[in-house]
Amino acid sequence: MPLHAKHIGWSRGGNLVLDGVTVEPSPGETIGLLGPNGSGKSSLLGVLAGVHKPDAGHVLLDGIDIRSMRRRQVARRVATVEQHADTEVDVSVLDVVRLGRIPHRGAFGGDDAVDEIAVEMALRHTGMLDHRYRRWHTLSGGERQRVQIARALAQEPDELLLDEPTNHLDISHQLDLLALVYELPMTSYIALHDLNLAAMFCDRVVVLARGSIVATGTPAEVVTEELVEHVYGVRAQVTIEDGIPTVKYRRALRAVMR
Ligand SMILES: Nc1ncnc2c1ncn2[C@@H]1O[C@H](COP(=O)(O)OP(=O)(O)OP(=O)(O)O)[C@@H](O)[C@H]1O
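Residues numbered from 1 in each chain as written. Predicted model: local features only at pLDDT ≥ 70, side-chain atom pairs only at ≥ 80, totals over all residues. Heavy atoms only, no water.

S.K.: Sorry if this is basic, but what is going on with the environment of Val 119 here?
M.R.: In this structure, Val 119 sits in helix 4 (residues 112–125). When its relative accessible area of 1% is taken as the criterion, Val 119 is described as buried. Between the C-alpha atoms of Val 119 and Ala 154, which are 35 residues apart in sequence, the distance is 5.0 Å. In this structure Val 119 touches Leu 94, Val 97, Arg 98, Arg 101 and Ala 154, once residues within four positions along its chain are discounted. (Helix = DSSP H or I, 4+ residues; strand = E, 2+ residues; numbered from the N terminus. Buried < 20%, exposed > 50% of the residue type's maximum accessible area, 1.4 Å probe, protein only. Contact = heavy atoms within 4.5 Å.)

S.K.: Would you explain the site of the ligand in this entry?
M.R.: Residues in contact with the ligand amount to 13 residues; listed here are only the nearest, Asn 37, Gly 38, Lys 41, Ser 42 and Ser 43. Contacts to the ligand include Ser 39, whose backbone N or O atom sits 3.1 Å from an oxygen atom. In this structure, an oxygen atom belonging to the ligand sits 3.0 Å away from a side-chain N or O atom of His 193. Here the ligand, which alone exposes 650 Å², has 59% of that area covered by the protein. Tallying contributions element by element places helix 1 (residues 41–48) first for the shell around the ligand, with three residues. For the shell around the ligand, the residue count by class is two nonpolar, eight polar and three charged. (Near = heavy atom within 4 Å. Polar contact = N/O pair within 3.5 Å; in protein donor to acceptor, adjacent residues only side chain to side chain. Areas by Shrake-Rupley, 256 points an atom, 1.4 Å probe, with all protein chains shown as cover. Nonpolar A, V, L, I, M, F, W, Y, C, P; charged D, E, K, R; others polar.)

S.K.: Looking at this model, I keep getting lost on the packing of helix 4 against helix 5 (residues 141–154). Mind explaining?
M.R.: Axes are the key here: two packed helices are described by the angle between their axes and the distance separating the axes. Where helix 4 meets helix 5, the closest approach of the two axes is 8 Å, and the angle between their N-to-C directions is 140°. The orientation of helix 4 relative to helix 5 falls into the category oblique. Here helix 4 and helix 5 pass one another in a crossing that is right-handed. For the pair formed by helix 4 and helix 5, the contact residues are Ala 118, Val 119, Ala 122, Leu 123 and His 125 on the first element and Ala 150, Leu 153 and Ala 154 on the second. Grouping the amino acids of the contact of helix 4 with helix 5 by side-chain chemistry returns seven nonpolar, one polar and no charged. (Axes fitted to C-alpha atoms, helices over the stretch in contact; angles between N-to-C directions. Parallel < 35°, antiparallel > 145°, perpendicular 65-115°, else oblique. Left-handed = near helix turned anticlockwise from the far one by under 90°.)

S.K.: I keep staring at the sheet that holds strand 2 (residues 15–23) and nothing clicks. Help me out?
M.R.: Paired through their backbone hydrogen bonds, the strands of a sheet run either parallel or antiparallel. Ordered by their spatial adjacency, four strands build an open sheet running 2-1-4-5, and the pairing between neighbours is antiparallel. Sheet topology places strand 2 and strand 5 (64–65) at the edges, where each strand pairs with a single neighbour. The pairing of strand 1 (residues 4–12) with strand 2 spans six bridges and is classified as antiparallel. Each bridged residue has a counterpart across the sheet, and for Trp 10 the counterpart in strand 2 is Leu 18. (Pairing = 2+ DSSP bridges.)

S.K.: Can you walk me through helix 4 in this structure?
M.R.: Every α-helical turn comprises 3.6 residues, leaving residues that sit three or four positions apart pointing alike. For helix 4, spanning 14 residues, the distance from its first C-alpha to its last is 20 Å, which sits close to the expected 20 Å at 1.5 Å a residue. For helix 4, the set of buried residues is Asp 115, Ala 118, Val 119, Ala 122 and Leu 123. All buried residues of helix 4 lie within an arc of 130° about the axis, which places them on one face of the element. Lining the buried residues of helix 4 we find helix 3 (93–98) and helix 5. One or two positions beyond helix 4, positive phi appears at Gly 127, with a value near 70°. (Expected span 1.5 Å × (residues − 1). Arc of directions from axis to C-beta.)

S.K.: Help me out: how do you make sense of unusual backbone geometry in this one?
M.R.: Excluding glycine, a negative phi dihedral is what most residues carry, and trans is how most peptide bonds are arranged. Even without being a glycine, Glu 156 presents a positive backbone phi close to 50°. Given a relative accessible area of 44%, Glu 156 falls into the partly exposed group. The backbone phi angle of Asp 242 is positive, close to 50°, even though this residue is not glycine. Here Asp 242 is to be found in the loop between strand 11 (236–241) and strand 12 (244–249). Residue classification places Asp 242 among the exposed residues on the basis of a relative accessible area of 76%.

Below, the structure is given as structure tokens:
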């Protein structure tokens, strides 16, 4: 059973950041987490990754609460790509991607050949193989993002948690990356701001507002003109082609203050 969130409640600084959030994907599904700034998408990913301990509810992996699992056990199964991953250390692309193999190495090391195959596959998948000897600090924002995805893939997880992975990417790489994630056999949770990309590449979307789920279902069920106006306060036209909604936003009249 993939990573499930059941009735998650999580508070920070006296505020309820997540309130009764339940998400139960089927194996291999791509779940889009949508919602305005501050609605709880990153917090939910943090809870799913086991980084934040929920005050209420459970995160289950194979039906077992991850709190009762060892950290390494969870790390072998769940890979995370954060929004602003960076390092001051002078490392190569290869060094970063090899970090993904750490959960698979025991006290006496691991199988170097297996590790190197996983690393090469991950670099190839993300189009970074030719850049493997580049230094991290020489990479563009988009290239760094792809390296972080490669690191997560090298981990060979069953579950992938991605926080706005298309940040910094040009449209061609956004489409490539989401197509890659969509085709991977693993279950993925992706926090996204772009409703059109979410509609194209997610099997199901979960819309959060102020820490609660306000809608969940297929993109065609959820991404409606009413929802866009209700959740984002933006008027839009939504058309559906081949079962995939496309959102065209209406430009708000600018308030001129004199
Ligand atoms: N450690 C923390 N301490 C205090 N407040 C927090 C903490 N972490 C999150 N929050 C608050 O919880 C709310 C949800 O934040 P979160 O980062 O999960 O939202 P988000 O949907 O990912 O936002 P964005 O789209 O801007 O990335 C915000 O109001 C945020 O300020």
